[in-house]
Amino acid sequence: MDNKKSNIRLLYAIALLQGLIFYGPIATLYRQIQGLSVFDITLIESISLITMILLELPWGYVSDKIGYKKTIIICNILYFISKIIFWKADGFSLFLAERLVLSIVISGLSGCDSAYLYLCAGERDSQKVFGIYEAMTTTGLICASVIFSVIIRDNYSLAAFLTIISYGMAMVLSLFLSEVKTKTTRHIRFNEQIKMICSAIMQNKSFFMFLFAAALLAESNQTITVFLNQLQYLRSRIEPRYMGYIYILVTISGLLAAYSCKISERLGEAATIKLLFSAACLACIMLALYSNPIISVMGILILRISASLFVPIRMDIENRQINLSCRATILSVYSSAVNVMAVGTNLIFGKMADINIKYAMISGAIFCFIGLIVYSVWNLRLRNTK
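Note that the coordinates shown come from a computational prediction; the quantities given were computed from them, not determined experimentally.

Cut-offs used in this document
Residues numbered from 1 in each chain as written. Predicted model: local features only at pLDDT ≥ 70, side-chain atom pairs only at ≥ 80, totals over all residues. Heavy atoms only, no water. Helix = DSSP H or I, 4+ residues; strand = E, 2+ residues; numbered from the N terminus. Rg over C-alpha atoms; globule rule 2.2 N^0.38 Å. Buried < 20%, exposed > 50% of the residue type's maximum accessible area, 1.4 Å probe, protein only. Contact = heavy atoms within 4.5 Å. Areas by Shrake-Rupley, 256 points an atom, 1.4 Å probe, with all protein chains shown as cover. Lys, Arg positive; Asp, Glu negative; His and termini not counted. Charge placed at Lys NZ, Arg CZ, Asp CG, Glu CD. Phe/Tyr/Trp six-rings, centres within 6.5 Å; stacked < 30°, edge-to-face > 60°. Lys NZ or Arg CZ within 6 Å of the ring centre and 35° of its normal. Core = buried A, V, L, I, M, F, W, Y, C linked by side-chain atoms within 4.5 Å. Axes fitted to C-alpha atoms, helices over the stretch in contact; angles between N-to-C directions. Parallel < 35°, antiparallel > 145°, perpendicular 65-115°, else oblique. Left-handed = near helix turned anticlockwise from the far one by under 90°. Nonpolar A, V, L, I, M, F, W, Y, C, P; charged D, E, K, R; others polar. Disulfide = S-S within 2.5 Å. Patch = residues over 30% accessible without salt bridge, like charges linked within 9 Å, V, L, I, M, F, W, Y side chains within 5 Å. Salt bridge = Lys/Arg side-chain N within 4 Å of Asp/Glu carboxyl O. Expected span 1.5 Å × (residues − 1). Bend = angle between axes of the 7 residues up to and from the residue.

Peer 1: Is there a simple way to think about the overall build of the chain in this case?
Peer 2: Of regular secondary structure, the chain possesses 16 helices and 0 strands. At 20 Å, the chain has a C-alpha radius of gyration in line with the 21 Å of a compact globule built from 386 residues. Along the first, second and third principal axes, the C-alpha set of the chain runs to 60 × 45 × 35 Å. Scored against the burial criterion, the 386 residues of the chain give a buried share of 54%. The contacts of the chain with a sequence gap of at least 6 include a subset with a gap of at least 24, amounting to 85%. Roughly 16,600 Å² of accessible area belongs to the chain as shown, and the carbon and sulfur atoms make up 65% of that amount. Each charge class in the chain was averaged separately, 34 positive and 21 negative side chains, and the resulting centres sit 4 Å apart.

This is the structure in C-alpha cells:
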C-alpha cells in the first residue's frame, strides 16, 4: 500500500513538472512567428492524431506486456526529446517532427497512466485521484504562466528552453516509480487479446456514443483554449503582453477538476455532464457573438472549467466499462476512437479560423451541442438496459 501511495505522489509530481509549459500563453503566436498559419497548426495536429490512432493499440498491448512503469519511463524520455525539437523548430517540418514524437508519447501514456493510477488508487478513490492528477498539471501551467508573465515576457526562445528543463526533471522522477501488478494469471498472446477486446467492444458498442460526445467537448476545449484563444484576444483588442496574465487566470480555473467528484456526487453524474456540455456550448456562442475583452475572457474561462470538470468523470466512466485484465489496451482503443473523431474537428477549426475566428467559435458551439445530444441518448439507453 505504501508503494502505491508513493507511486501516486510521484505521478502527481511528474504531472506538475510536465505542466510547466513556459511557452503556453503564446503557443500559437510562437508558431506563427516561425511561419506557420493557423491551418498549418491544425493540419500538424491532425497528422499527429492519425499517428496516435495507428500507435494506440500496439502501445496498449506493449504496456500491458512490459508493465506500466516501463512504458511511462520510455514515454517520458521521448517527451523530453520532443521539447528539445520544439526549442529548435523553425519551420513546418521540425514542428511536424516534434508533434510526431509527441504522438508516440501520448499514444503510449494514453490509458497507461490512467490504468496505473486506477490500480494504485482502487475503484473507490479513483475519481478523486484522477481529479488531483489533472489539477497538478494545471498547477504546473499556472506556475509557468506566472514565470512567463513576470520574467520571460518576450523571450520566446527562453520559454521553450525552460520547458526542456522541467520535462527533464519529470523524466528523472519517473525512474523512481515501482511496478503495479495486474490480476492476470497467465500470459495472453496478442491475437488472443485482440479477440477478447473485440468481443468486449462488440458487447458494449453503444459506449462509442459516449466517446464521440467526449471527443467533441475535449477537442473544442483543446483547440479553442490552447490555440484559438490568442486570436480571440487579438480580435477583442487585448495586447499580447496581457495574454500571460489571462492564461494564468484561465489555467487556475482548471484546478476545479479536483472538485469534479463532489459536484457529481451532489448533482448526480448524468446531470453534471449535461450541465458541463451546456455551459461549454454557451461559452462558444459568447465567443462567436462578442469581441468584448471581458466576454472573451469569460467565454474561455467557462469552456476550460467545463472541460476540466469533465475529465475525471470521463476517466472514471471509461475505467468502469472494463472488466478485462488488459486495461491499458482497451483504454487505448477508447483513446483511438476519440482521436479519429478529433482529426475532422481539428481541420474544421483550422479552416474556419483562417476565414474568421468567429466561425471557429460557432463550430465549437455546434460540436458541444451535438455532444450534449449524443451523451443524453447514450445515457438514456444505458438506464433502459439496467
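Peer 1: Hey, could you run me through the packing of aromatic side chains in this one?
Peer 2: Two descriptors summarise a pair of aromatic rings, namely the distance from one centre to the other and the angle between the planes of the rings. Under the counting rule described, the total for this entry stands at 17 aromatic pairs. Ring centres of phenylalanine 210 and phenylalanine 310 lie 6.1 Å apart, and the angle between their planes is 45°; this geometry places the pair in the tilted category. Placement of phenylalanine 210 in helix α10 (residues 207-235) and of phenylalanine 310 in helix α14 (residues 293-320) is noted, with a sequence separation of 100 residues between them. What makes phenylalanine 210 buried here is its relative accessible area of 0%. Here the aromatic residues Phe207, Phe210, Phe277, Phe310, Tyr334, Tyr375 and Trp378 are joined through ring pairs into a cluster of three or more. A cation over an aromatic ring shows up here: lysine 88 above the ring of tryptophan 87, its NZ or CZ 4.4 Å from the ring centre. The ring of phenylalanine 39 is capped by lysine 351, whose NZ or CZ atom sits 4.6 Å from the centre of that ring.

Peer 1: What should I look at first to understand unusual backbone geometry in this one?
Peer 2: Negative phi is the rule for most residues except glycine; trans is the rule for most peptide bonds. In this structure, arginine 237 takes a positive phi of about 65° despite not being glycine. Classification of arginine 237 as exposed rests on a relative accessible area of 65%.

Peer 1: Which parts of the structure should I look at to understand the nonpolar core?
Peer 2: Within the largest apolar cluster, 107 residues are counted, with the highest numbers of intra-cluster contacts made by Ile224 and Leu228. When residues of this core are assigned to their parent elements, the largest contribution, 14 residues, is made by α10.

Peer 1: When you look at the packing of α10 against helix α16 (residues 357-385) in this model, what are you seeing that I'm missing?
Peer 2: Relative orientation of the contacting elements α10 and α16 amounts to 160°, with a least axis distance of 8 Å. With respect to each other, α10 and α16 are oriented roughly antiparallel. Crossing hand, α10 versus α16: left-handed. Classifying every residue of the contact of α10 with α16 by side-chain character gives 20 nonpolar, 4 polar and 3 charged.

Peer 1: Quick question: what am I supposed to make of the state of the cysteines here?
Peer 2: Two cysteines joined by a covalent bond between their sulfur atoms form a disulfide. By the definition in use, this model includes 0 disulfides. Cysteine 368 supplies the cysteine sulfur nearest to cysteine 281, a cysteine that is in no disulfide, at a spacing of 6.2 Å. As a non-bridged cysteine, cysteine 368 has cysteine 284 as the owner of its nearest cysteine sulfur, 4.5 Å distant.

Peer 1: Would you mind going over the packing of helix α13 (residues 269-289) against α14 with me for this structure?
Peer 2: Angle between the axes and distance between the axes are the two parameters that describe a pair of packed helices. The interhelical angle for the contact between α13 and α14, taken along N-to-C directions, is 150°, at an axis separation of 8 Å. Classified by the interaxial angle, the pair formed by α13 and α14 is roughly antiparallel. Both α13 and α14 take part in a crossing whose hand is left-handed. For the contact of α13 with α14, the residue count by class is 18 nonpolar, 4 polar and 2 charged.

Peer 1: Before we go on, may I ask you to explain a nonpolar patch on the surface in this structure?
Peer 2: A surface patch of nonpolar side chains, about 510 Å² in accessible area, is lined by Phe212, Ile355, Tyr359, Ile362, Ile366 and Ile370. Here the nonpolar patch gets 4 residues from one element, more than from any other, and that element is α16. With respect to the secondary-structure elements, phenylalanine 212 resides in helix α10. Residue classification places phenylalanine 212 among the partly exposed residues on the basis of a relative accessible area of 30%.

Peer 1: I keep staring at the pattern of salt bridges and nothing clicks. Help me out?
Peer 2: In a structure, side chains of opposite charge can pair up when their charged atoms sit close to one another. With the rule as written, the count across this model stands at 4 salt bridges. With its nearest N and O atoms 3.1 Å apart, the salt bridge here joins glutamate 318 to arginine 314. Taken together, the positions of glutamate 318 and arginine 314, both in helix α14 and 4 residues apart, correspond to about one turn of that helix. As far as burial versus exposure is concerned, glutamate 318 and arginine 314 are alike and both buried.

Peer 1: For this particular structure, what's the right way to read the side chain of arginine 99?
Peer 2: Relative to the elements of secondary structure, arginine 99 occurs in helix α5 (residues 92-109). Residues in contact with arginine 99, not counting those within four places in the same chain, are Arg31, Ile44, Glu45 and Ser48.

Peer 1: Help me understand helix α3 (residues 38-66), please; the structure alone is not making it clear to me.
Peer 2: Structural remark: α-helix, 3.6 residues per turn; residues separated by three or four positions point the same way. In this model α3 runs 39 Å from its N-terminal to its C-terminal C-alpha over 29 residues, within 8% of the 42 Å that 1.5 Å per residue would give. At leucine 55, α3 is deflected by roughly 40°, the largest bend along its length, and proline proline 58 occurs up to four residues later in sequence. Downstream of α3 by a residue or two, glycine 67 has a phi angle that is positive, lying close to 105°.

Peer 1: Got a minute to help me understand the environment of leucine 100 in this structure?
Peer 2: Mapped onto the secondary structure, leucine 100 falls in helix α5. Assessed through its relative accessible area of 29%, leucine 100 is described here as partly exposed. For leucine 100 and isoleucine 50, which are 50 residues apart along the polypeptide, the C-alpha to C-alpha distance reads 9.7 Å. Apart from the residues lying within four places of it in its own chain, the contact partners of leucine 100 are Ile47 and Thr51.

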